[in-house]
Amino acid sequence: NWEQVKKEFFSFSGRLNRKWFIGMMFAISLHSGYIGAAFLVYGAVGIGLAFISDSIGTGIISCLTLLIGLAGILIACYSYISLLARRVQDMGYSRWVGVGFFFVQILLGLVSVYLMIDLLLELANTSRYFRSSQDIEGLVGAVKGISAVSSLSFLGMLLMMALPGTKGENQYGVNPIDAGLLPGEKQESTEEQIAF
């Protein structure tokens, strides 16, 4: 139900172990991220075609598709931030470390895109055969830059997937593995257990 989905994918409280983090991250990527990106691209292309063909209907449908895609990506980002927050809380750090990691990933992604565009422009400006060794050095430098930035982002994600949580209870709750809790579930207090 919706309440369980909210607890699992949109909550910032509690802890999230490595196994659940990896599974839920891929679920978000496939369902919201990729589908949202597909709608976004389809909508953007449709808007371009609408301008070319002067079709109002195509333009309206494409704008709606674009908005749906944008909403899907925003939902995926919010959910991903909540997963990162609970993953770092599992390791004993503040949720703001996870939020900060997300924005560092965004920054690294933008730098990669900038370097990729710069590389493509450099390729477009060179002739079929490179004019000089300086052209080759510029292209190699751009490729190295893209590789370094992408590697940093990938390494950070590997650490999120690999670093174990703190053993036992920490300030963010009990160890979900020890307690056998699903994502979003909380252990009942002793008073609540006695009441039942």
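Every residue gets a number counted from 1 within its own chain, in the order that chain's sequence is written. Local features in this predicted model are restricted to residues whose pLDDT is 70 or higher, and side-chain atom pairs enter the listing and the counts only when it is 80 or higher, whereas totals over whole chains, interfaces and linings include all residues. Side-chain calculation: all heavy atoms of the structure are included, whereas hydrogens and water are not.

> Tell me what's going on with the confidence of the model for the chain, and back it up with residues and numbers.
pLDDT is a per-residue confidence score from the predictor, ranging from 0 to 100. Residues at a pLDDT of 70 or more form 81% of the chain, whose mean pLDDT is 78. Mean pLDDT values for the elements of the chain range from 41 in helix 7 (residues 190–195) up to 87 in helix 3 (residues 56–90). The contact rule is simple, with two residues in contact once any of their heavy atoms fall within 4.5 Å. Taken as a whole, residues 189–196 scores under 50 in pLDDT and shows two contacts with residues more than four places along the chain or in a different chain. Runs of E in the DSSP output that reach at least two residues are strands. Runs of H or I that reach at least four are helices, and both are numbered from the N terminus.

> Quick rundown of the pattern of salt bridges? Include the residues and the values.
Salt bridges, as used here, are contacts in which a Lys or Arg side-chain nitrogen is within 4 Å of a carboxyl oxygen on Asp or Glu. Here the structure, examined in full by the defined rule, presents two salt bridges. As a salt-bridge pair, Asp-90 and Arg-15 come within 2.8 Å of each other at their nearest N and O atoms. Taken as a pair, Asp-90 in helix 3 and Arg-15 in the loop between helix 1 (2–9) and helix 2 (18–53) lie far apart in primary sequence, 75 residues in all. Here the two residues Asp-90 and Arg-15 agree in accessibility, since each one is buried. The salt bridge partner of Asp-90 is Arg-87, with a shortest N-O separation of 2.9 Å. With Asp-90 and Arg-87 both in helix 3 and three residues apart, the pair spans about one turn of that helix. Accessibility classification places Asp-90 together with Arg-87 in one group, the buried group. The network of salt bridges with common partners includes Arg-15, Arg-87 and Asp-90. Only protein chains enter the accessibility calculation, which uses a 1.4 Å probe. A residue is then buried if its area is under 20% of the maximum for its type, exposed if over 50%, and partly exposed in between.

> Please give an account of the nonpolar core that cites residues and values.
Among the nonpolar cores identified, the biggest contains 21 residues, and Phe-21, Tyr-80, Leu-84, Met-157 and Met-160 are the most heavily contacted of them. Those elements giving two or more residues to this core turn out to be helix 2, helix 3, helix 4 (95–125) and helix 5 (133–162). It is helix 3 that provides the largest number of residues to this core, a total of seven residues. Residues contacting Tyr-80, with those up to four places away along its chain left out, are Met-25, Ile-28, Phe-101, Phe-102, Gln-105 and Met-157. Core analysis: the second largest hydrophobic core is formed by five residues, Leu-108, Leu-115, Leu-119 and Ile-146 among them. Residues enter a nonpolar core if they are buried and are Ala, Val, Leu, Ile, Met, Phe, Trp, Tyr or Cys, with the set joined through side-chain atoms within 4.5 Å.

> I'd like a rundown of helix 3, residues and numbers included.
Between the first and last residue of a helix there are one fewer steps than residues, each counted as 1.5 Å, and that sum is the expected span. End to end, helix 3 covers 51 Å across 35 residues, agreeing with the expected 51 Å (1.5 Å per residue, within 8%). Residue Gly-92 follows helix 3 closely and has a positive phi angle near 95 degrees.

> Report on the packing of helix 1 against helix 3, specifying residues and quantitative values.
Axis angles are defined between N-to-C directions and span 0 to 180 degrees, where every axis is a line fitted to C-alpha atoms and, for a helix, only to the segment in contact. Interhelical geometry of helix 1 versus helix 3 gives an angle of 60 degrees and a closest axis separation of 8 Å. Judged by the angle between their axes, helix 1 and helix 3 are oblique. Across from Lys-7, Glu-8 and Phe-9 in helix 1, the residues of helix 3 making contact are Ser-79, Ser-82, Leu-83 and Arg-86. Should an angle fall under 35 degrees it is called roughly parallel, over 145 degrees roughly antiparallel, and 65 to 115 degrees roughly perpendicular, with every other angle called oblique.

> Account for the packing of aromatic side chains, with residues named and values stated.
Aromatic ring pairs: the centre-centre distance and the angle between the two ring planes describe each pair. Classification of ring pairs uses Phe, Tyr and Trp, with its six-membered ring standing for Trp, and accepts pairs whose centres are within 6.5 Å; under 30 degrees between planes counts as stacked, over 60 as edge-to-face, and the remaining range as tilted. Enumeration according to the criterion identifies four aromatic pairs in this entry. Relative to Tyr-78, the ring of Phe-10 has its centre 6.1 Å away and its plane inclined at 25 degrees; by these criteria the two rings are stacked. In this pair, Phe-10 sits in the loop between helix 1 and helix 2 while Tyr-78 sits in helix 3, placing the two residues 68 residues apart along the sequence. An aromatic cluster of at least three residues, connected via ring pairs, comprises Phe-10, Phe-12 and Tyr-78.

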